[in-house]
Amino acid sequence: MELATFLIQCLNALQYGLLLFLVASGLTLIFGIMGVINLAHGSFYMIGAYMAYALAPIVANTFGGGFISTLMVGLVLSVLLGYVLEWTFFSFLYEREHLQQVLMTYGLILIFEELRSMLLGDDVHGAPMPSWLSGSFALGEIMTYPIYRLFVSGVCLALALGMYLVFSRTRLGMMIRAGASNREMVQSLGVDIKFLYRVVFAAGVALAALAGMVAAPVSSVYPGMGNQVLIICFVVVVIGGIGSIRGAMLASLMIGLVDTFGNVFFPQAAGVLVYVMMALVLLWKPEGLFKAG
Amino acid sequence: MSSEILLRGLELTRRWGGVVAVNQVSLDLERGTVHAVIGTNGAGKSTLINLLSGEYPPSEGRVELLGQDVSNWSQPRRARAGLGRSYQRNTIFPSFTVFENCRLSAQAHWQKPWAIWQSARHCPDSSAVASHAARRVGLGDLMDRPAGLLSHGQKRQLEIAMCLATEPQVLLLDEPLAGMGAEETDRMLALLDELKPGHAILLVEHDMDAVFRIADRITVMVNGCQVASGTPEDVRNNPEVQSAYLGEEH
Amino acid sequence: MSRSVPKYAFVIAAFVALALYPLVAGKYGIDLISKIMVYAIFALSLELLVGSTGLVCFGQAAFFGLGAYATVLLSPGYEPSSLLWLLPAAMGVAGAYALFMGALSLRTKGVYFIMVTLAFAQMAFYVIHDTPLGGGTDGIYLNAKPIMGALLDLDRPMQLYGFTLASLIGTFGLLALLLQSRFGRALAGIRVNEQRMRATGFSTYPYKLAAFVISGALAGLAGFLFAVKDGFVNPEMLGWHQSGAVLIMIIFGGLGHLRGALIGAFAFVLLQELFMSEAIFGSFAKHWHLSLGLTIIASVALLPRGLVGLPEQISQRLGGLRNPRHEEAEDEL
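The rules we used
Residues numbered from 1 in each chain as written. Chains lettered and ligands numbered in written order. Predicted model: local features only at pLDDT ≥ 70, side-chain atom pairs only at ≥ 80, totals over all residues. Helix = DSSP H or I, 4+ residues; strand = E, 2+ residues; numbered from the N terminus. Buried ≥ 20, exposed ≤ 12 C-beta atoms within 10 Å, placed from the backbone. Contact = placed C-beta atoms within 7 Å. Rg over C-alpha atoms; globule rule 2.2 N^0.38 Å. Nonpolar A, V, L, I, M, F, W, Y, C, P; charged D, E, K, R; others polar. Axes fitted to C-alpha atoms, helices over the stretch in contact; angles between N-to-C directions. Left-handed = near helix turned anticlockwise from the far one by under 90°. Parallel < 35°, antiparallel > 145°, perpendicular 65-115°, else oblique. Expected span 1.5 Å × (residues − 1). Pairing = 2+ DSSP bridges. Core = buried A, V, L, I, M, F, W, Y, C linked by C-beta atoms within 7 Å. Domains from an automatic or database assignment. pLDDT = per-residue confidence, 0-100.

K.L.:
Just to check I follow, could you spell out the overall build of chain C for this structure?
P.N.:
A tally of helices and strands in chain C yields 13 helices and four strands. Each principal axis of the C-alpha distribution contributes one length, and for chain C these read about 60 × 50 × 40 Å. Across the 333 residues of chain C, 51% fall into the buried class. Relative to all contacts within chain C whose residues are 6 or more apart in sequence, the contacts with residues 24 or more apart total 77%.

K.L.:
For this particular structure, what's the right way to read the overall build of chain A?
P.N.:
Along chain A, the regular secondary structure elements total eleven helices and two strands. Mapped in sequence order, the helices and strands of chain A form the string α-α-α-α-β-β-α-α-α-α-α-α-α. For chain A, the C-alpha radius of gyration of 19 Å lies close to 19 Å, the compact-globule estimate for 293 residues. A principal-axis box enclosing the C-alpha atoms of chain A has dimensions of 60 × 55 × 35 Å. The buried share among the 293 residues of chain A stands at 47%. Taking the contacts inside chain A whose residues are at least 6 apart along the sequence as the reference set, 78% of them involve residues at least 24 apart.

K.L.:
Looking at this model, I keep getting lost on the interface of chain B and chain C. Mind explaining?
P.N.:
Often, the extent of an interface is quoted as the loss of accessible area upon association of its parts. Between chain B and chain C, the contact holds 32 residues from the first and 24 residues from the second. Listing elements by their share of the side of chain B that touches chain C, those giving two or more residues are α2 (75-80) and α3 (98-106) of chain B. In the side of chain B that touches chain C, the residues fall into 14 nonpolar, 13 polar and five charged.

K.L.:
Just checking my understanding: could you explain the packing of helix α4 (residues 83-105) of chain C against helix α5 (residues 110-130) of chain C for this structure?
P.N.:
When two helices pack together, you describe them by how their axes are tilted relative to each other and by the distance separating the axes. Residues and elements named next belong to chain C. Packing of α4 against α5 brings their axes to within 10 Å, and their N-to-C directions diverge by 145 degrees. As for the relative orientation of α4 and α5, their crossing is right-handed in sense. Residues Tyr97, Met101 and Ser105 of α4 pack against Phe113, Val116, Thr117, Phe120 and Ala124 of α5. Partitioning the contact of α4 with α5 into residue classes produces six nonpolar, two polar and no charged.

K.L.:
Got a minute to help me understand the packing of α3(B) against helix α5 (residues 152-164) of chain B in this structure?
P.N.:
Residues and elements named next belong to chain B. Their axes nearest at 8 Å, the elements α3 and α5 cross at an angle of 30 degrees. Comparing the axis directions of α3 and α5 gives the class roughly parallel. In this structure, the crossing between α3 and α5 has a hand that is right-handed. Touching Val98, Asn101, Cys102 and Ser105 of α3 are Leu158, Ala161 and Met162, all from α5.

K.L.:
Mind showing me how you'd approach the interface of chain C and chain A here?
P.N.:
Taken residue by residue, the interface counts 33 residues in chain C and 32 residues in chain A. Elements represented by at least two residues in the side of chain C that touches chain A include exactly α5, α9 (240-253) and α12 (288-302) of chain C. It is α5(C) that contributes the most residues to the side of chain C that touches chain A, 14 residues altogether. Its residues assigned to classes, the side of chain C that touches chain A shows 23 nonpolar, eight polar and two charged.

K.L.:
What am I meant to see in the environment of Met158(C) here?
P.N.:
Residue and element names in this part refer to chain C. Looking at the secondary structure, you find Met158 in helix α6 (residues 157-180). Judged by the 9 C-beta atoms lying within 10 Å of it, Met158 falls in the exposed class. Between the alpha carbons of Met158 and Ile30 there is a distance of 8.6 Å; along the sequence they are 128 residues apart.

K.L.:
For this particular structure, what's the right way to read the arrangement of the chains?
P.N.:
For this structure, the chain pair with the highest number of contacts among two pairs of chains in contact is chains A and C. A minimum C-alpha distance of 13 Å separates chain A and chain B, which share no contact.

K.L.:
Would you mind going over α9(C) with me for this structure?
P.N.:
What sets the pattern is the α-helix's 3.6 residues per turn: residues three or four places apart point alike. All names here are of chain C. Along its 14 residues, α9 runs 20 Å from first to last C-alpha, staying within 8% of the 20 Å computed at 1.5 Å per residue. Among the 14 residues in α9, 13 count as buried, and that is most of the element. Directly after α9, the chain includes Gly254, whose backbone phi takes a positive value near 130 degrees.

K.L.:
Mind showing me how you'd approach the environment of Pro80(C) here?
P.N.:
Residues and elements named next belong to chain C. Locating Pro80 in the fold gives a position in the loop between α3 (60-74) and α4. Classification of Pro80 by C-beta neighbours within 10 Å gives partly exposed; the count is 17. Sequence separation of Pro80 and Met148 is 68 residues, and the distance between their C-alpha atoms is 9.4 Å.

K.L.:
So what exactly am I meant to see when it comes to the pairing of strand β9 (residues 217-222) of chain B here?
P.N.:
A regular strand carries its side chains on alternate faces of the sheet. Residues and elements named next belong to chain B. With respect to burial, β9 is a largely interior element, five of its six residues being buried. Bridging between strand β3 (residues 34-39) and β9 involves five bridges; their strand directions are parallel. Looking across to β9, one finds that Ile38 is bridged to Val220. Examined bridge by bridge, β9 and strand β10 (residues 225-230) share five bridges and lie antiparallel to one another. What sits directly across from Met221, in β10, is Gln226.

K.L.:
Which parts of the structure should I look at to understand the nonpolar core?
P.N.:
The nonpolar side chains of soluble globular proteins are, as a tendency, buried together. The biggest cluster of nonpolar side chains holds 269 residues, and the ones touching the most others in it are Ala49(A), Val235(A) and Ala119(C). For this core, the element with the highest residue contribution is helix α8 (residues 193-219) of chain A, accounting for 17 residues. A domain-level breakdown of this core finds at least three residues from each of domain 1 (1-82 + 169-250) and domain 2 (91-167) of chain B. Dropping the residues within four chain positions of it, Ala119(C) is found in contact with Ile231(A), Phe234(A), Val235(A), Val238(A), Tyr275(A) and Met278(A).

K.L.:
How do you make sense of the confidence of the model for chain C when you look at a structure like this?
P.N.:
Detailed conclusions should not be drawn from predicted coordinates in areas where pLDDT is low. For chain C, per-residue confidence averages 89 on the pLDDT scale, and residues scoring 70 or more make up 95% of the total. Below a pLDDT of 50 lies the segment residues 324-330 of chain C, which in the model reaches 13 contacts outside its immediate sequence neighbourhood of four places, other chains included.

K.L.:
Can you walk me through unusual backbone geometry in this structure?
P.N.:
Leaving glycine out, the prevailing phi sign among residues is negative, and the prevailing peptide bond configuration is trans. Residues and elements named next belong to chain B. Backbone geometry places Lys112, a non-glycine residue, at a positive phi of 35 degrees. Relative to the helices and strands, Lys112 resides in the loop between α3 and α4 (124-136). The class for Lys112 is partly exposed, based on 14 C-beta atoms found within 10 Å. Of note, the phi angle at Asn223 is positive, near 50 degrees, even though the residue is not glycine. Structurally, Asn223 is set in the loop between β9 and β10.

K.L.:
Can you walk me through helix α11 (residues 270-284) of chain A in this structure?
P.N.:
Between its first and last C-alpha atoms α11(A) spans 22 Å; for 15 residues at 1.5 Å apiece the expected length is 21 Å, and the two agree. The inward-facing, buried residues of α11(A) contact α9 (225-240) and α10 (245-265) of chain A together with α4 and α5 of chain C.

K.L.:
What is the right way to read the confidence of the model for chain A from this model?
P.N.:
Summary statistics for chain A give a mean pLDDT of 86 and a share of 97% for residues scoring 70 or more. Looking across chain A, the model is least confident in helix α7 (residues 183-188) of chain A, with a mean pLDDT of 71, and most confident in α10(A), with 92.

K.L.:
When you look at the environment of Arg171(A) in this model, what are you seeing that I'm missing?
P.N.:
Looking at the secondary structure, you find Arg171(A) in helix α6 (residues 171-181). C-alpha of Arg171(A) to C-alpha of Gly212(A): the two residues are 41 residues apart in sequence and 29 Å apart in space.

Next comes the structure, spelled out in C-alpha cells:
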C-alpha cells in the first residue's frame, strides 16, 4: 500500500473513531453515573443528523445563518430535548432493573423512529456541506483529502479535550466523577443529585446529536443510522469499560482502525471483525479495559 | 491426644493494588474447637475468611483443607470437599421455603443434573439431610414457610442450616450473631456449642461477650496483620491487644 | 398442590383448544395461529434463560435465525429432505452457536452480559447479511419442505400445524420437566443468589452454559418451523428487533412462568396484527411501530408481573394487600 493511501486510511480511521467516541462517551457516562442502559442513545445521533438536514434551510431563511449557526441551533435544541427527556422519562428508569430499562428504551426507539418517519419521511437525504470547508488538500502527489473530514476530527478532538478539562479541572467534573463511583456518598455531601443527573443526561444527548449533525454531510442522513451506531457504541462501552471516558476513547480508536483497515483488506468480513475484537478483549478482561472514572 | 487439624491458613497475604488487606496471617482450625477472629472494621477479617473459603486466591501463602493444598481450588470445589460458609448479610433464598433452602443446599452433594425425569423435591437424599439440618437449628416447625417471611434471627438460623445441609467438616461463620437480640444470641451460641464436637469452626464476630464465652482460641487482627493469637486468657491479657483494640471497645 | 391445579388446567385447556382450532378456522386463522405457536416455542426458549436462570440474553434471535438458515442451507436443491436429520441439524447449528456465545458471554456479568449477547447476535447477523454464506441481503427460499418418509409431509398445512403443535407441547413438557428436576432447581438457585450456590458447592458456570445451549437449540427448533412454514428466510430474523420482540413477549406474558411465554407470544402477535390492521387504525396503521412502542413502555411500567400476574395485581388493588407474593418450589408453570 502506498504511503499516501495508508495515510488516508489512517485519517479515515481517526475520524470514524473520534466520531464514535463522541457518541459513545455519552452512553458510557449515562450508564456509569446513572446506571441506566439507554438503547435509544443511537436515536439521538439520528435526530442530530436529521436536524442538520431539516434546520439548514430554516436557519438560512430566518436569519441568513450558515453551517455554524445551524450547529448552534441544533446544539441548543438537543440540550433542551435531553433536559425534557430526562425529566419526563429517564428519571423514572434509575431505580428499575436493567431488563426493564432495556425494554422501555427499546420502546422509545420505536417511538422516535416512527415520529421521524411521520415528520420527515423515510428517504435518504444529504446534508449541506459548508462551502468554506468543502475543499481538499493534497497528500503526496496524486491523492487529496477532504478538509471537511479533518474538520470533523478536529471538532471531536476539541470536544474530547473540553470533556477532559471539565472532568479534571472543574467542580462539576469532580462531582460527576464521584457520582460515577459512589452515588450515595455524593448525595450525602449535599450535591443536588437530580440536577447533576439532568446535566449529565442533557450533555450525553447533546454530544450524540452533535456527532450526528457534524457527520451528516459525509455519511448522509438515513433511517437506520441510529441503530447502526448504537450497536457499535455498545461494543465501545463493553471494550472500554462502563463509565470510563478513557476506555471509550481507546476503544473507539481501536474500532476505527479495525473497521477502516478491515474494510480495505477483508471487505466481506469487516462487519464481523469488530465483534471478534470484542470477543478477544473480553476473554482477557471481562469488565472492559478500564474501570469507571 | 492432639486434635486433628482440618483447615490451615499459612502466611496468607492478599493485596489489592497497593493495599495489603491481609498480611501474613496464619491460623489452624482443629476439630472440636471454635477459633474466633476479632478486629476492628477494616482489619481484614472479611478478606481472610474469603481467602479461606476460596472467593479469591491469596497473593501469597497457602490454604490447606484436610491436609490438601487447596489454594488454587475454586470456592465450589472447596465446598464440596467439606468447607461450609455462612455470610454476614443473609444469603438465603427468600422466595423458597425453609425446607427448599436446605434441600437445595444439600443437593450440592447429590447434583446428578442429567437425571431430569426425577423430581428434585422428592429426592430422598437431599430431603433427608435438609430436614435434619433445619431441625438441628430449631426451624423444624417452619419448614413450609417462605424464607423471606422469617424473623431476622430465624433467617440467621436458616443461614447456618444451609451451611449444615452440605454436611461440612469445617464451618466458616461470618458474624452469625449480627443483629440478634440477647435471647437469639443465647440460642445461637448453644447451637454452636452443640456443633463443636464434630466440626472445626471459625467465627468472625464483633460481639466480645459472645466471643469470650465460646471461643477456644482467638486471633486478633489489626490493619491486616495478626496481632495476637492464643487462648482467650492470653489474648485478654495481651498488652498490645488491650491498647489497640479492647481498650477502645465498650 | 391446590395452587397448581388451575395452572395445569389452563395449560391443558390451551393445548386442547389449539388442537381443535383448525376445525373452526379458515386459512388466515390457521396461518396466524401457526405463527403464534412458533413464536411461543421461541419465547419458551428465552424464558429458560431469562425467567428461570436470570440470564438476560438480548441475542436470542441469533439462534432463531441460524436455525432457520440452517434449515434452508442444509436442504438439498429441489428434493424434500428428511425431517429426521434436518431438524436435529438445524437445532445443532443453533445450539453450537449458543455454546460459542455462552462460553464467552458468561464470563461477563450484569449489564455487560446483556450488551455482549446483543453484540454476538449482531456478529451472526453480519455473517448472514454480508457474506455469501447467507445468500444475500434479501433472503433465500426453501424449495422443498422436509418430509418424514411416507408418514409426514410438512408441505401440507394441516400436517405442519399438527407438527408445530406437537413441538410446542413437547417443548413445554421438556421445560416443565427440566424445571422440577435437580438441574432446574439449581438454575433457580443461581437466579436468586449465585454466590450462595457457589458457596454451597455448585460450579455455576457449567449449569449456565448448559441452559444456554438448551435454550439455543430450542430457539433453533422455532427457527426451523418458521423456515418451513414460510418457505423463506431473511437476515432480519437475526436482527436485534427480533431479539427485542421475543424479550417483550416473555415480559409481557410474565417472567418466571412457562405459561407466561405462551400468553406473551399470543398477546404480542395479536397486538401487532391489531396495530397493523387498517380496518381499525386506518391510515395510521402504517405507523404501528409507534403504537407498539407505547404499549411496550406502558406494559413494563404498569404490569410489572406481566399478564400472568394480572389477576393477582387486580385482586390486590381491590382487596387491599393480602399475603405478600411468594413462589412455591414448583410455581414455574
